[in-house]
Amino acid sequence: MDHIVDTRPGRGDQTLMPGGQAFITETRAAARDAGITLFDVTDPDQGIVHVISPELGIVLPGCTLIAPDSHTCTQGAFGALAWGIGSSEAEHSMATGTLRLTRPKTMRVTFTGTLAPGVTPKDIILTLIARHGAGGGKGYAVEFAGDAIRALDMEGRMTLCNMATEFSAMTGMIAPDEKTYDWLRGRPYAPRDAMFDQAVADWQTLPSDEGARFDIEIDIDTSAIQPMISWGTSPEHSIGISGTVPADPPERPVTYMGVEPGQKLIGLPIDAAFIGSCTNGRLSDLRRAAALLKGRHVAPGIKALVVPGSMAVRRAAEAEGLDCIFTQAGFEWRMSGCSMCFYAGGESFPAGSRVISSTNRNFEGRQGPNIRTHIASPETVAASAIAGHIADPREMAA
Amino acid sequence: MKPFTTLTAVAAPLIRDNIDTDAIIPSREMKSTGKTGLADGLFAPWRYLTPSARDPDPQFVLNQTAFAKAEILLGGRNFGCGSSREHAVWALAEYGIRAVIAPSFAPIFAGNCTRNGIVPVVLNDDAIAAIGNDGGPVTIDLAAQTVAVRDGSQWLFEIGAEAKAMLFEGLDPIELTLKNRADIAAFQTADKVARPWIYLGDIA
C-alpha cells in the first residue's frame, strides 16, 4: 500500500496506476484471509514500508527483516540484518520461515570527520557510490561505522543505509547505540518494560568487536564532502554540486540527460522538484527543506510536490505548520506513498521534464518517459525549486 | 520450473552497464497481479518508439531480424540493478530469454533468475565481446558450466552449487527447505525463549 496508492488528497482504492485498484483489493483480501496485519490505504499508520516499520518499532536490532523491495536495507540503520528480496523468495520465507542465501562477504566503511553545514547523509552515501561505483558493494554486507555515523540521528542513519542497495550491497547496517534504543522505546510493536531492558542487554552484544576483521575496509573523511547531485543515469554519476560533468563521460547518459561534458550543473534550468521517498521523506527531511522554503516561493512554472513518507510524518509536519510553509511556497502537499520516485500511483511529470528529486534512483525513465532525474538532498531540491535551476543550498541558508 | 540442461540459441547483444529493472520493465508496464502478461512490456522504453503505441524501434536489438529469436542476452556490468521487482525476470522468461551473460549481476536480480529458470552467466568483458563478434549460435552447458561459440572458443563460468542445482533439476526451493522442517521448528522454539521480543505475535 505504498507503491500503488494514489497520493492525492481524498484518495481511495482508485489509482492512476494500470491495474492498481485490483492490486489493492486483492492484497487486502489476501491479507485478511491469511490473518496478516495490513496498513491499509486509510489506516492512520499507512506509509512507505521503510518509514512505518521503524515508526512502529517493527524493526529491532538483531532481527532478520526482509521485504520484496530493494530498499529494505534502510532498516539496517537499527542494527538489523535487513535486505530486499524477490517475490519468489518472499513466498519461500512465508512458507518456511526461512530463506536460503549465500553468506555475504563483509565490508566496513568508516566515516570520520564532521559534516560541513548544509551537507547531509544523502551526500555521504552519494559520495561513497560516486567514488567506489554502483557495483562497489556487490557481494558484501556493509557496516557503516565511525564518528560521523555515531553523530547522525536515526533518520539520517536510515537515509544512509537506504542507498546501500544503490551500492549493490546486500545490505548496509549500523551498530545500535543509545540513539537506537531511545528511538524504539515506547513504539507500538517494540518490547515493553522488563522485556525492553532484557532486549537492550542483548542488543548491546551486537556491535562488531574491537579489532574485528572485515574482508575489505574503506575510509572516508566526511569533512570535505559537499552537497552532491547526479548528472547521469546511475547514482554513481554524482558530483559535488559546484563540480562539472566529467570531461570524458560515457555517451548514453550524457545524451539522455541533455548535459555536456565539462558542464557546470549549477544554473541548469529545471521543470519540477520532488521531495519524498523512503530515502528522504521523513520529518527531519521535511523540516530542513521547509527551513529553506519559509518565506520564499518556487520559481514560475516549476511543478513542485512534497510527499511525506508516512501519514504519521504528515500529521507531525502539520502539527509544526510545515504544510503551510510548503503550500505557501508553491509545493503540493500530498498523502503518503512512494509517489513520483518511480511513477508510483500512475502519476508522472510531463515527458522530457528535468526533475530534481530527493529520491534514490536517476535511471532512464524511472520517473516517467524521457524524464531527466537529478538526485540530491531535500535541501538541494528546495533551493533549486526556488531558483528554478540547480542551486547550491548553502548559498540560500535559512 | 523447467529444468535447464543445455541451450543453443541466438544471443542478442545489449552490452550496456547498469541496465536496471526499470528499463527491463517499467512500473507502468506491470499491469497484472500475476507473473504473466509482462512480455509485451519487456524493455518497453527502448523497444518501442512510443511505448503506449507499441511501435517497434528498428534500432533496438530485439527488433532486428537476426535477433528476433534470441534466447540469450549479452549484457554489461551490474545487470538487473535497481528495484527488486521479480517482474523483470518474469518478463524476460515470458519473452523467451533463458540465459543472460554479463560481467556482473545485481544480487537480487541474480537470485530471481535462478528461481525462474534463467541462468545468470558471469563472464568477463573480453569473452562477452568475443561472443558478440562471433555472431553465431551460442551454446550454454550448465552441467559443464561452459559457454561455447561457433568458432570453437569456449569459456568456463562460475555458478553457486545451489543455484546450479535449482536450475538444472528445476527444483522447487520451498520443497527443498521443508525437508528441514524439524530443524527450523527447533530453532524457532529455542529462539522464542532467548529473544521473545523478535516474535511479533507474542507481544502485540
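Computed from a prediction, not measured in an experiment: that's the story for all the values here. The numbering scheme is per chain: residues are counted from 1 as the chain's sequence reads. Working convention: letters from A go to chains and numbers from 1 go to ligands, in the order in which they are written. Only residues with pLDDT of at least 70 are given local features in this predicted model, and only at 80 or more are side-chain atom pairs given and counted; all residues enter the totals for whole chains, interfaces and linings.

**Notes on the overall build of chain B**
Here's step 1: The secondary structure content of chain B amounts to eight helices and eight strands.
Here's step 2: In terms of overall dimensions, chain B has a C-alpha envelope of 60 × 40 × 25 Å along the principal axes.
Here's step 3: To sort residues by exposure, count the other C-beta atoms lying within 10 Å of each residue's C-beta; 20 or more gives buried, 12 or fewer gives exposed, and values between give partly exposed, all with C-beta atoms placed from the backbone. Taken over 204 residues, chain B has a buried fraction of 42%.
Here's step 4: The contact criterion used is a C-beta to C-beta distance within 7 Å, with each C-beta placed from the backbone. Counting only contacts in chain B whose residues sit at least 6 apart along the sequence, the fraction spanning at least 24 positions is 62%. Numbering of helices and strands runs from the N terminus, with a helix taken as a DSSP run of H or I at least four residues long and a strand as a DSSP run of E at least two residues long.

**Concerning the sheet that holds strand S9 (residues 272-276) of chain A**
Residue and element names in this part refer to chain A.
Here's step 1: Think of it this way: DSSP has to see at least two bridges between two strands before they count as a pair. Across the sheet, which stays open at both edges, the five strands sit in the order S11-S10-S9-S12-S13 with parallel pairing between neighbours. Each end of this open sheet is capped by a strand with a single partner; those strands are strand S11 (332-333) and strand S13 (372-375).
Here's step 2: With four bridges joining them, strand S12 (residues 354-357) and S13 adopt parallel strand pairing. Looking at the pairing, Ser357 lines up with Ile375 of S13.
Here's step 3: The sheet contacts of helix H14 (residues 378-387) involve S9, strand S10 (303-307) and S12, and relative to S9 the element is tilted by about 150°. What counts as an axis is a line fitted to C-alpha atoms, over the stretch in contact for a helix, and the angles between N-to-C directions run from 0 to 180 degrees.

**Considerations on the nonpolar core**
Here's step 1: With 165 residues, the main nonpolar core has Ala273 of chain A together with Val100 and Ile101 of chain B as its most contacted residues.
Here's step 2: Excluding anything up to four places from it in sequence, Ala273 of chain A contacts Val298, Ile302, Ala304, Ile356, Val381, Ser384 and Ala385 of chain A. A set of buried Ala, Val, Leu, Ile, Met, Phe, Trp, Tyr and Cys residues, joined to one another through C-beta atoms within 7 Å, is what we call a nonpolar core.

**Describing the interface of chain A and chain B**
Here's step 1: Between chain A and chain B, the residue contacts involve 45 residues of the former and 42 residues of the latter.
Here's step 2: Every element with two or more residues in the side of chain A that touches chain B is listed here: helix H1 (20-34), helix H3 (87-96) and helix H8 (193-203) of chain A.
Here's step 3: Sort the elements by how many residues they give to the side of chain A that touches chain B and H3 of chain A lands first, with six residues.
Here's step 4: Any residue that is not Ala, Val, Leu, Ile, Met, Phe, Trp, Tyr, Cys, Pro, Asp, Glu, Lys or Arg is counted as polar, Gly included; the first ten are nonpolar and the last four charged. Its residues assigned to classes, the side of chain A that touches chain B shows 19 nonpolar, 16 polar and 10 charged.

**So, the packing of helix H4 (residues 121-132) of chain A against helix H6 (residues 154-162) of chain A**
Pairs of packed helices are described in terms of their axes, by the angle between the two and the distance that separates them.
Residues and elements named next belong to chain A.
Here's step 1: Look at H4 against H6: their axes get within 8 Å of each other, and the N-to-C directions meet at 25°. Taken together, the axis directions place H4 and H6 in an arrangement best described as roughly parallel. The handedness of the crossing between H4 and H6 comes out as right-handed. Across the interface between the two elements, Pro121, Lys122, Ile124 and Ile125 from H4 touch Gly156, Thr159 and Leu160 from H6.
Here's step 2: Class assignment of the residues belonging to the contact of H4 with H6 gives a composition of four nonpolar, two polar and one charged. Oblique is the label for any angle not covered by the other classes, which are roughly parallel (under 35 degrees), roughly antiparallel (over 145) and roughly perpendicular (65 to 115). Definitions for this section: a left-handed crossing has its near helix turned counterclockwise from the far helix by less than a right angle. A right-handed crossing has that turn clockwise.

**Some thoughts on unusual backbone geometry**
Here's step 1: Here Asn370 of chain A, not a glycine, exhibits a phi torsion of approximately 60°, which is positive.
Here's step 2: Within the secondary structure, Asn370 of chain A sits in the loop between S12 and S13.
Here's step 3: Of note in this structure, Asn78 of chain B is not a glycine but carries a positive phi near 60°.
Here's step 4: In this structure, Asn78 of chain B sits in the loop between strand S3 (72-74) and helix H3 (87-95).
Here's step 5: We classify Asn78 of chain B as buried; it has 25 C-beta atoms within 10 Å.

**Re the domain arrangement of chain B**
For interface size, the figure often reported is the accessible area lost on association.
Here's step 1: As used throughout, domain bounds are those supplied by an automatic or database domain assignment. Domains assigned within chain B are domain 1 (6-171) and domain 2 (172-204).
Here's step 2: If you average the C-alpha positions of domain 1 of chain B and of domain 2 of chain B, the two centres end up 36 Å apart.

**A few points about the pairing of strand S4 (residues 140-145) of chain A**
All names here are of chain A.
Here's step 1: When you tally the buried positions in S4, you get six out of six residues, the bulk of the element.
Here's step 2: What you see with S4 is no split at all: Tyr140, Val142 and Phe144 on one side and Ala141, Glu143 and Ala145 on the other are buried throughout.
Here's step 3: As judged from the six bridges shared by strand S3 (residues 105-112) and S4, these two strands associate in the parallel manner. Its bridge partner being in S4, Arg108 is matched across the sheet by Glu143.
Here's step 4: Here the term right-handed applies to a crossover when the path leading from its first strand over the helix to its second strand runs clockwise, the strands being oriented away from the viewer. This β-α-β element, S3 to H4 to S4, shows right-handed connectivity.

**Some thoughts on the environment of Thr15 of chain A**
All names here are of chain A.
Here's step 1: Of note, Thr15 is situated in the segment before H1.
Here's step 2: Separated by 48 residues in sequence, Thr15 and Cys63 have C-alpha atoms that sit 34 Å apart.
Here's step 3: Ignoring sequence-local partners within four residues, the contact set of Thr15 consists of Ile4, Val5, Asp6, Gly20, Gln21, Gly345 and Gly346.

**So, the environment of Glu236 of chain A**
All names here are of chain A.
Here's step 1: Here Glu236 lies in the loop between strand S7 (228-230) and strand S8 (238-240).
Here's step 2: In sequence terms Glu236 and Ala130 are 106 residues apart; their C-alpha atoms lie 4.2 Å from each other.
Here's step 3: What Glu236 contacts, discounting residues up to four positions off in sequence, is Ile129, Ala130, Gly133 and Ala134.

**Details of the sheet that holds S4 of chain A**
Residues and elements named next belong to chain A.
Here's step 1: Strands sit in the order S5-S4-S3-S6 across an open sheet of four strands; the sheet is parallel. Looking at which strands have only one partner, the edges of the open sheet turn out to be strand S5 (171-173) and strand S6 (216-221). Taken over all neighbouring pairs, the strand axes of this sheet differ in orientation by 20° on average, direction set aside.
Here's step 2: By the bridge criterion, six bridges tie S3 to S6 in an arrangement that is parallel.

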